[in-house]
Amino acid sequence: MKIGGVAVVAYLEGDTLQSWSSKMIVVGRYKDAPTDADKGSNLLGIAYAKAAEMADTLHDSGSKVRSPLTGEFGWNGGVLVGERAI
């Protein structure tokens, strides 16, 4: 598939966010280094920003159920499965 980046799976239990259990895996790379044409990307930071948005909204990241808060970017790609697994 020639893809790379960071995957995070987290499980939230209960009706309100108090804690979660999570696992993270790096698939090939956890960042894209800066170049002359691009400032680079912290893929680990992006994955956790998506997870944090989903933990608060209980919707897929980038769902636009509200405006992104500071620290969130509204990026698509995070998927909520079941009631609390992100």
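Residues numbered from 1 in each chain as written. Predicted model: local features only at pLDDT ≥ 70, side-chain atom pairs only at ≥ 80, totals over all residues. Heavy atoms only, no water.

A. Expanded view of the overall build of the chain. A count of helical and extended segments in the chain gives 1 helix and 4 strands. Listed by position from the N terminus, the elements making up the chain come as β-β-β-β-α. Taken across its 86 residues, the chain has 26% of its residues classed as buried. In the chain, of all internal contacts separated by at least 6 residues, the share reaching a separation of at least 24 is 38%. For the chain, the exposed area adds up to about 6,200 Å²; of that, 56% sits on carbon and sulfur atoms. (Helix = DSSP H or I, 4+ residues; strand = E, 2+ residues; numbered from the N terminus. Buried < 20%, exposed > 50% of the residue type's maximum accessible area, 1.4 Å probe, protein only. Contact = heavy atoms within 4.5 Å. Areas by Shrake-Rupley, 256 points an atom, 1.4 Å probe, with all protein chains shown as cover.)

B. Representation of the side chain of threonine 57 in the model. Considering the arrangement of structural elements, one finds threonine 57 in helix 1 (residues 43-57). According to the relative accessible area criterion, threonine 57 is buried, its value standing at 12%.

C. View of the pattern of salt bridges. All chains considered together, the criterion is met by 3 salt bridges. Arginine 29 is the partner of aspartate 32 in a salt bridge, and the nearest nitrogen-oxygen pair spans 2.4 Å. A relative accessible area of 27% means that aspartate 32 is categorised as partly exposed. On the accessibility criterion, arginine 29 (35% relative accessible area) is partly exposed. Glutamate 72 is paired through a salt bridge with arginine 66; the nearest N and O atoms lie 2.7 Å apart. By relative accessible area, arginine 66 is classed as partly exposed at 27%. (Salt bridge = Lys/Arg side-chain N within 4 Å of Asp/Glu carboxyl O.)

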